Amino acid sequence: MAEKLLTTLGDLERDTFVPLLSKLIGESKHVQNNPPELVPEEDRVVKHVLDVLLPFSTTTGGGPLLLNHVTYTPGRGNLIVEYPGTVPGKILSFVGCHMDVVTANPNDWDFDPFSLSIDGDKLRGRGTTDCLGHVALVAELMKKLGQTKPNLKSTVVAVFIANEENSSITGIGVDALVKDGLLNKLKNGPLYWIDTADKQPCVGTGGMIPWKLQFTGKLFHSGLAHKAINAMELGMDALKEIQSRFYRDFPPHPQEQVYGFATPSTMKPTQWSYPGGGINQIAGECTISGDVRLTPFYNVKDVMKKLQEYVDDINKNIEKLESRGPVSKYVLPDENLRGSITLSFNEALSGVACDLNSRGFHVLCKATEEVVGHVKPYSITGSLPLIRELQEEGFDVQTSGYGLMATYHAANEYCLFTDMSQGYRVFARIISKLED
């Protein structure tokens with residue numbers, strides 16, 4: 001049975017995959033996601049996917065595929081495609097292929113980001129790796145199911161989503177589909193989120209907490225340092241103390257080794273600004289911003305609460321903060337002045353640790369090993385939005401992808417046709433193995 005199904009599904013056909021991908025990359029300029037300037041029109045991508053699938057759908061009477069184009073904002077749709085199986089409740093799904101892309105500046109590229117160019121095995125353009133390449137790949141898989149109509153116990157569902165690359169506007173993509181219960185039945189089987197890279201299972205991602213610390217001192221002439229409170233020195237000393245406490249409270253976690261995380265949780269500065277002034281002025285204020293990348297074995301809310309406690313404690317005891325020299329002081333008692341720190345956050349994301357004991361994971365590993373030749377699950381403290389929420393809603397989320405990590409969100413993005421065709425064969429094997 002398994003061999004017969006694999007023969008039926010065959011290989012990814014270059015002469016249909018590449019033309020479809022070419023149409024999708026041709027829309028990439030219009031699906032860049034960076035509001036308010038760039039608001040994607042994902043329905044431009046949906047249209048091409050529907051052109052491929054409609055002939056094999058119940059909509060036209062040409063086949064078994066059930067198509068549901070779900071839109072919450074005009075022009076920004078999602079597409080749910082279902083190939084029905086024979087056993088009620090037996091299901092697997094490929095989700096996460098998103099139809100928006102990150103921005104691309106043609107001046108930074110060696111080729112046009114907004115049209116597909118082909119260089120041997122390389123398929124080049126914005127979205128080839130993340131994630132229009134996967135949209136085309138999964139569309140080709142669903143088309144093949146609709147064409148060949150294999151008798152499957154499992155229902156196979158593909159969900160192409162809007163609005164993955166930006167979280168400033170919500171209620172458009174997978175979050176809205178979940179809220180409306182449109183994905184509920186996917187909880188009965190593994191959900192493969194197809195938006196990572198390098199052909200191996202990605203079993204862990206990081207949470208991300210963007211933070212901003214504002215330091216207020218007292219501006220004064222640099223020749224009279226004893227009358228100033230140096231906001232820059234306060235920033236350096238307080239940040240060092242905050243980082244020390246963070247690493248004490250959130251040390252490397254034993255599970256990080258099990259999941260193969262390259263780094264433990266980190267809290268560090270990435271941006272520094274101050275209002276400007278002469279070289280002979282001691283700055284009275286400055287701002288340091290950065291992020292926490294948190295392995296999923298710690299809770300984002302706990303960390304935010306702790307960081308606020310550190311800041312409150314340092315503010316209360318600012319005279320005890322280690323400083324730089326005899327007149328690097330953070331209090332001026334004669335003037336009744338104290339340096340101070342305020343902490344604020346932007347929107348935080350939680351990381352995810354996939355269930356390493358689930359059938360879905362074991363099947364993905366086995367399929368990967370058979371097709372790619374080896375299996376080596378990995379974890380990164382990069383962040384994928386949305387999947388932690390799916391996991392908390394009760395979905396068995398596993399993640400994989402067949403683009404290249406080295407070109408993710410980068411200039412000169414490309415993927416390899418051979419990698420995408422291995423992805424197709426992995427998917428075929430997953431479907432086959434879950435039949436047993």
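Keep in mind it's a predicted model, so treat the numbers as computed, not measured.

The rules behind these values
- Residues numbered from 1 in each chain as written.
- Predicted model: local features only at pLDDT ≥ 70, side-chain atom pairs only at ≥ 80, totals over all residues.
- Heavy atoms only, no water.
- Axes fitted to C-alpha atoms, helices over the stretch in contact; angles between N-to-C directions.
- Helix = DSSP H or I, 4+ residues; strand = E, 2+ residues; numbered from the N terminus.
- Parallel < 35°, antiparallel > 145°, perpendicular 65-115°, else oblique.
- Left-handed = near helix turned anticlockwise from the far one by under 90°.
- Contact = heavy atoms within 4.5 Å.
- Nonpolar A, V, L, I, M, F, W, Y, C, P; charged D, E, K, R; others polar.
- Pairing = 2+ DSSP bridges.
- Buried < 20%, exposed > 50% of the residue type's maximum accessible area, 1.4 Å probe, protein only.
- Domains from an automatic or database assignment.
- Buried area = accessible area lost by both parts, 1.4 Å probe.
- Salt bridge = Lys/Arg side-chain N within 4 Å of Asp/Glu carboxyl O.
- Polar contact = N/O pair within 3.5 Å; in protein donor to acceptor, adjacent residues only side chain to side chain.
- Core = buried A, V, L, I, M, F, W, Y, C linked by side-chain atoms within 4.5 Å.
- Patch = residues over 30% accessible without salt bridge, like charges linked within 9 Å, V, L, I, M, F, W, Y side chains within 5 Å.
- Areas by Shrake-Rupley, 256 points an atom, 1.4 Å probe, with all protein chains shown as cover.

**Re the packing of helix α4 (residues 132–148) against helix α11 (residues 417–435)**
And step 1. Look at α4 against α11: their axes get within 10 Å of each other, and the N-to-C directions meet at 45 degrees. Judged by the inter-axis angle, α4 sits oblique to α11. Two packed elements cross with a definite hand, and for α4 against α11 that hand is right-handed. Residues G133, H134, L137, V138, E140, L141, K144 and L145 of α4 lie in contact with α11, whose contacting residues are M420, G423, Y424, F427 and I431.
And step 2. For the contact of α4 with α11, the class distribution of residues is eight nonpolar, three polar and two charged.

**A few points about the sheet that holds strand β11 (residues 266–273)**
And step 1. Overall, antiparallel pairing links the four strands, which are arranged β11-β13-β9-β16 in an open sheet. Both edges of this open sheet fall to β11 and β16 (340–345), since each of them pairs with a single strand only. If you compare each strand with its neighbour and ignore which way they point, the axes differ by 25 degrees on average.
And step 2. Packing against the sheet, helix α6 (residues 231–249) makes contact with β9 (207–216), β11, β13 (285–294) and β16, and its axis sits at approximately 165 degrees to β11.
And step 3. Relative to the sheet, helix α8 (residues 300–316) contacts β9, β11, β13 and β16, its axis offset from that of β16 by approximately 165 degrees.

**Topic: the pairing of strand β19 (residues 396–400)**
When a strand is regular, its side chains alternate between the sheet's two faces.
And step 1. When you tally the buried positions in β19, you get four out of five residues, the bulk of the element.
And step 2. Both strand β7 (residues 190–194) and β19 contribute to a ladder of five bridges, which runs parallel. Of the residues in β19, the one forming a bridge with L191 is V397.

**Some details on the domain arrangement of the protein**
And step 1. Segmenting the protein into domains produces domain 1 (1–205 + 352–435) and domain 2 (207–345).
And step 2. On a C-alpha basis, the centres of domain 1 and domain 2 stand 41 Å from each other.
And step 3. On the side of domain 2, 14 residues touch domain 1, which itself brings 14 residues to the contact.
And step 4. Approximately 960 Å² of surface area, both sides summed, lies buried where domain 1 meets domain 2, with 54% of it carried by carbon and sulfur atoms.
And step 5. It is S379, T381 and S383 that lose the most area in domain 1 upon contact with domain 2, and together they represent 49% of the buried surface on that side.
And step 6. Summed over the shared surface of domain 1 and domain 2, the number is zero salt bridges.
And step 7. Across the domain 1-domain 2 interface, the total number found is five residue pairs in polar contact (both at pLDDT 80 or more).
And step 8. Listing elements by their share of the side of domain 1 that touches domain 2, those giving two or more residues are β8 (202–205), β17 (352–353) and β18 (378–379).
And step 9. Classifying every residue of the side of domain 1 that touches domain 2 by side-chain character gives seven nonpolar, six polar and one charged.

**Structural notes on the nonpolar core**
And step 1. Within the largest apolar cluster, 61 residues are counted, with the highest numbers of intra-cluster contacts made by F17, F94 and F160.
And step 2. Each residue touching F94, except ones within four places of it in the same chain, is listed here: V138, L141, V156, V157, A158, V159, Y192, I194, F427 and I431.
And step 3. Counting residues in each nonpolar core, the second largest holds 31 residues, with I209, L213, I314 and L321 among its members.

**Some words on a nonpolar patch on the surface**
And step 1. Together, M236, W272 and Y274 make up an exposed nonpolar region whose accessible area comes to about 290 Å².
And step 2. Mapping M236 onto the fold places it in helix α6.

**Looking at the pattern of salt bridges**
And step 1. One pass over the full model with this rule turns up 24 salt bridges.
And step 2. Where K218 meets E335, a salt bridge forms, and the shortest distance between an N and an O atom there is 3.0 Å. One end of the pair, K218, is in the loop between β9 and β10 (220–221); the other, E335, is in the loop between β14 (331–332) and β15 (337–338), and 117 residues separate them in sequence.
And step 3. Overall, E335 belongs to the partly exposed group, its relative accessible area being 37%.
And step 4. Residue D291 is joined to R293 by a salt bridge in which the shortest nitrogen-to-oxygen separation is 3.2 Å. Pair check on accessibility: D291 and R293 agree, each one buried.
And step 5. One salt-bridge network, in which partners are shared between bridges, spans E27, E41 and R44.

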